[in-house]
Amino acid sequence: MQNTKLLLTSFTLVGLLALAGCSFPGVYKIDIQQGNVVTQDMIDQLRPGMTRRQVRFIMGNPLLTDTFHANRWDYLYSLQPGGGERQQERVSLIFSDDDKLMSLAGDFMPGVSRDEAILGKDSGTTVEAPAQNVETPKKKEKPAKPGSLLDQIQKDVDGVKTVPVPTPEPLDTSPQ
């Protein structure tokens, strides 16, 4: 009787340890990635007026295309480090009726690098909504000392001549 009780207790203890092994410290858990990987560089390449083909070349195929909103593409990405908390990012691209990129919304914004924010470096770039008919007062800057590096740079900037950008002629679409 004593051996049976000891054997039953041993099996119960081994069974509980086997079940607890899934969350036992030191057990390797894989990182789970799902969706489209979207980087800040990809977002920075997007421009209003791009066609769907151009956007698909830069971003890849969207994860979600809604049948009720045909002009909207959604890119989702989630990462759950082994045993850690799940992180999710999303970007929605809106197209006009003539298949041109109009806007984007989501966790990424043009010109704002999240990588530098995570690493603790400030890129110094911010995205602000354009103000309508509001003039901001300019700070009075001290003129650069003659012969200094700032004075030389200012002279170089002032001496730059603008060159018009050539625009290609539109293709003739008339049937021949």
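As a reminder, the structure under discussion sits directly above these lines.
In this text the structure is predicted, and so the values were computed from the model without any measurement. (Residues numbered from 1 in each chain as written. Predicted model: local features only at pLDDT ≥ 70, side-chain atom pairs only at ≥ 80, totals over all residues. Heavy atoms only, no water.)

Asks: For this particular structure, what's the right way to read the pairing of strand β4 (residues 87-95)?
Replies: Where a strand is regular, its side chains alternate between the two sheet faces. With 8 bridges connecting them, strand β3 (residues 72-80) and β4 associate as antiparallel partners. Pairing of Tyr77 across the sheet is with Glu89, part of β4. Following β3, the chain reverses through 6 residues before pairing antiparallel with β4; Gly83 in that reversal takes a positive phi of roughly 80 degrees. Direction of pairing for β4 relative to strand β5 (residues 101-106): antiparallel, over a ladder of 5 bridges. Paired with Phe95 across the bridge in β5 is Leu101. In sequence, β4 turns back onto β5 through a hairpin of 5 residues, with Asp99 there showing a positive phi of about 60 degrees. (Pairing = 2+ DSSP bridges. Helix = DSSP H or I, 4+ residues; strand = E, 2+ residues; numbered from the N terminus.)

Asks: Mind showing me how you'd approach the packing of aromatic side chains here?
Replies: Within a pair of aromatic rings, the relevant descriptors are the distance that separates the centres and the angle that separates the planes. Inspection of every chain in the model, using the stated rule, returns 1 aromatic pair. Judged by centre distance (4.8 Å) and plane angle (65 degrees), the ring pair of Trp73 and Phe95 falls under edge-to-face. Here Trp73, found in strand β3, pairs with Phe95, found in strand β4; they are 22 residues apart in sequence, far enough to count as distant. There is no split in this pair, since Trp73 and Phe95 are both buried. (Phe/Tyr/Trp six-rings, centres within 6.5 Å; stacked < 30°, edge-to-face > 60°. Buried < 20%, exposed > 50% of the residue type's maximum accessible area, 1.4 Å probe, protein only.)

Asks: Is there a simple way to explain the pattern of salt bridges in this structure?
Replies: Proximity of charged atoms lets side chains of opposite charge pair with each other. All chains considered together, the criterion is met by 3 salt bridges. Across the pair Asp99 and Arg52 runs a salt bridge, and its minimum N-O distance is 2.7 Å. Highlighted residues: Asp99 in the loop between β4 and β5 and Arg52 in helix α3 (residues 52-59), separated in sequence by 47 residues. Residue classification places Asp99 among the partly exposed residues on the basis of a relative accessible area of 35%. By relative accessible area, Arg52 is classed as buried at 17%. The partner of Asp74 in a salt bridge is Arg72, with the nearest N and O atoms 3.2 Å apart. (Salt bridge = Lys/Arg side-chain N within 4 Å of Asp/Glu carboxyl O.)

Asks: Got a minute to help me understand the nonpolar core in this structure?
Replies: Where a protein is soluble and globular, its nonpolar side chains tend to be buried together. Judged by nonpolar contacts, the single largest core of 15 residues is most densely connected at Leu46, Val55, Met59 and Leu93. Elements that contribute at least two residues to this core include exactly α2 (40-45), α3, β3 and β4. (Core = buried A, V, L, I, M, F, W, Y, C linked by side-chain atoms within 4.5 Å.)

Asks: What is the right way to read the side chain of Asp151 from this model?
Replies: In this fold, Asp151 is placed in helix α5 (residues 149-158). The class of Asp151 is buried, set by a relative accessible area of 16%. Setting aside its immediate chain neighbours within four residues, Asp151 contacts Ala144, Lys145 and Pro146. (Contact = heavy atoms within 4.5 Å.)

Asks: Which parts of the structure should I look at to understand α3?
Replies: Helical geometry: 3.6 residues make up each α-helical turn, so side chains three or four residues apart lie on a common side. Restricting attention to buried positions, one finds in α3 the residues Arg52, Val55, Ile58 and Met59. Each buried residue of α3 lies within a common arc of 125 degrees when the element is viewed along its axis, so the set occupies one face. In α3, the exposed positions that point more than 90 degrees away from the buried face belong to Arg53 and Phe57. Positioned one or two residues after α3, Gly60 has a phi angle of 90 degrees, which is positive. (Arc of directions from axis to C-beta.)

Asks: It is not clear to me how a nonpolar patch on the surface should be interpreted in this structure. Could you clarify?
Replies: The grouping of Leu149, Leu150, Ile153 and Val157 at the surface amounts to a nonpolar patch, some 420 Å² of accessible area in total. If you trace the backbone, Leu149 turns up in helix α5. Classification of Leu149 by relative accessible area gives exposed; the value is 60%. (Patch = residues over 30% accessible without salt bridge, like charges linked within 9 Å, V, L, I, M, F, W, Y side chains within 5 Å. Areas by Shrake-Rupley, 256 points an atom, 1.4 Å probe, with all protein chains shown as cover.)

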